[in-house]
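Residue-level listing of the chains:
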Amino acid sequence: MRGAFIWHELITPDTSAAKAFYATLLGWEPSPINMGEYTYTTMAVPGFPFGVAGIMGLTDEMKGWGVRPHWTGYIEVDDVDAMARDFEAEGGVICRPPANIPGVARFAVVADPQGAIVCIMTPDKDDRQSATWPDPGSPGTVGWNELMAGDWATVWDFYAARFGWEKDMAVDMDAMGIYQTFKCGNQAIGGMMTRRPDMPMPMTHWAYYFVVPAIDAAADTVKALGGQVLMEPHPVPGGSWIAACQDPQGAYFNLTSQSR
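As the structure is a prediction and not an experimental result, all values here were calculated from the model.

### Observations regarding the pattern of salt bridges
And then number 1: The tally for this structure, following the rule as stated, stands at 7 salt bridges.
And then number 2: A salt bridge links Asp 60 to Lys 63; the nearest nitrogen and oxygen atoms lie 4.0 Å apart. Note that Asp 60 and Lys 63 are positioned in helix H2 (residues 60–64) at a spacing of 3 residues, about one turn of the helix.
And then number 3: Given the relative accessible area of 65%, Asp 60 is considered exposed.
And then number 4: Judged by relative accessible area, Lys 63 falls into the partly exposed class, the value being 45%.
And then number 5: Salt-bridge contacts for Arg 260 lead to Asp 216; the nearest nitrogen and oxygen are separated by 2.8 Å. Here the residue Arg 260 occupies a position in the segment after strand E16 (252–257), and Asp 216 occupies one in helix H5 (residues 215–224), the gap between them amounting to 44 residues.
And then number 6: A relative accessible area of 48% places Arg 260 in the partly exposed class.
And then number 7: Each of Arg 2, Glu 76 and Asp 78 takes part in a single network of salt bridges with overlapping partners.

What follows is the structure, encoded as structure tokens:
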């Protein structure tokens, strides 16, 4: 679906350790793909042919650019080149110019006018549409995409104009301000709010939530595997439970569940 997040990717300095961590935590099954100069690993929910996320190594070149271990999301667009130019023309930044992943997609890395980085992608083929996928919200899927903005109300129009997103439920978080959820078509896909100074990541950023069967057990597993729970499990409006975490290599991520 145009404007939807269609892929999530971890950049990490230790791919072997990361594969073991997330496979144990989320039940993902890794599949290596030889990309010539490097190996890319897709991570799939058991029983489904296509992965829901990928893992690749943090290269020396990336380190030279100041890239740290992190998760990123890919938003589907009709024309990557045109969208990248549009980002730049409207105050954003092209962090990595459009490039091809042979036989897979064309993509670019961009940042919004407030500095939050995200990827845009145009797949080469539509075989994913005919594939069988795990049900939305089932364990191992990416359940939510969240922008911690410099000022969400200011940047909202930027994203809505680029991707066709529409506002959904707005939640008044008292001193924390408004949490604005949004949808792509009829599907709720994420939310955004103005980042508080005390939040773990010291910058505007996109964050991603992985669905687990039960939040407390998953948080305990993060700790047992050498990761950190930065914000202990707690309920949020709508009946879900969430926890903010960091993997052993330093990448931030979140967990979500309908069950304590």
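Structure's up, so let's keep going.
### Looking at the environment of Thr 39
And then number 1: Checked against the element boundaries, Thr 39 lands in strand E3 (residues 39–44).
And then number 2: The exposure class assigned to Thr 39 is partly exposed, which follows from its relative accessible area of 46%.
And then number 3: Along the sequence, Thr 39 and Lys 63 sit 24 residues apart, while their C-alpha atoms lie 18 Å from each other.
And then number 4: Those residues in contact with Thr 39 that sit more than four places away from it in its chain are Pro 32, Ile 33 and Ile 55.

### What about the sheet that holds strand E12 (residues 187–194)?
And then number 1: Spatially, E10-E11-E12-E9-E13-E16-E15-E14 is the arrangement adopted by the 8 strands of the open sheet, whose pairing is mixed. Among the strands making up the open sheet, the edge pair consists of strand E10 (166–172) and strand E14 (228–235). Direction aside, neighbouring strands of the sheet carry axes that sit 25 degrees apart on average.
And then number 2: Relative to E12, strand E9 (residues 142–149) runs parallel, the two sharing 5 bridges. Bridge pairing in E12 places Ala 149 opposite Thr 194.
And then number 3: Set on the sheet, helix H1 (residues 15–26) makes contact with strand E13 (205–211) and E16; between it and E16 the angle comes to about 10 degrees.
And then number 4: Contacts from helix H4 (residues 152–163) reach E9, E10, strand E11 (178–184), E12 and E13 within the one sheet, and its direction differs from that of E12 by about 145 degrees.

### Let's talk about the packing of aromatic side chains
And then number 1: Scanning the model with the defined rule gives 26 aromatic pairs in all.
And then number 2: Ring geometry for Trp 156 versus Phe 182: centroids 6.2 Å apart, planes at 50 degrees, classification tilted. Taken as a pair, Trp 156 in helix H4 and Phe 182 in strand E11 lie far apart in primary sequence, 26 residues in all.
And then number 3: The class of Trp 156 is buried, set by a relative accessible area of 6%.
And then number 4: Arranged with centres 5.6 Å apart and planes meeting at 90 degrees, the rings of Phe 158 and Tyr 159 form a pair that is edge-to-face. Side by side, Phe 158 and Tyr 159 carry an identical accessibility label, which is buried.
And then number 5: In textbook terms, an aromatic cluster arises when at least three aromatic residues are bridged by ring pairs, as seen for Phe 5, Phe 87, Trp 156, Phe 158, Tyr 159, Phe 163, Trp 165, Phe 182, Trp 206 and Tyr 208.
And then number 6: Over the face of the ring belonging to Phe 158 we find Arg 162, whose NZ or CZ atom lies 4.8 Å from the ring centre.

Rules behind the numbers
- Once a new chain begins, its residue numbering starts again from 1 and follows that chain's sequence as written.
- pLDDT decides what is reported in this predicted model: residues at 70 or higher carry local features, side-chain atom pairs at 80 or more are listed and counted, and totals for whole chains, interfaces and linings draw on all residues regardless.
- With hydrogens and water excluded, all non-hydrogen atoms of the structure serve as input to the side-chain values.
- What makes a salt bridge here is a side-chain nitrogen of Lys or Arg within 4 Å of a carboxyl oxygen of Asp or Glu, nothing more.
- A run of H or I in DSSP counts as a helix once it spans at least four residues, and a run of E counts as a strand once it spans at least two, with each numbered from the N terminus.
- A 1.4 Å probe rolled over the protein chains alone gives each residue an accessible area, and that area as a share of the maximum for its type sets the label: buried under 20%, exposed over 50%, partly exposed in between.
- Only heavy atoms matter for contacts: two residues are in contact if any of them lie within 4.5 Å across the pair.
- Two strands form a pair only when DSSP identifies at least two bridges running between them.
- Only the stretch in contact is used when a helix axis is fitted, and all axes are lines through C-alpha atoms; the angle between N-to-C directions ranges over 0 to 180 degrees.
- The pairing test for Phe, Tyr and Trp rings, Trp by its six-membered ring, is centres within 6.5 Å, and the orientation test on the planes gives stacked under 30 degrees, edge-to-face over 60, and tilted for anything in between.
- Should the NZ of a Lys or the CZ of an Arg lie within 6 Å of a ring centre and within 35 degrees of the ring normal, that charge is described as sitting over the ring.

Just geometry here; none of it tells us what the structure is for.
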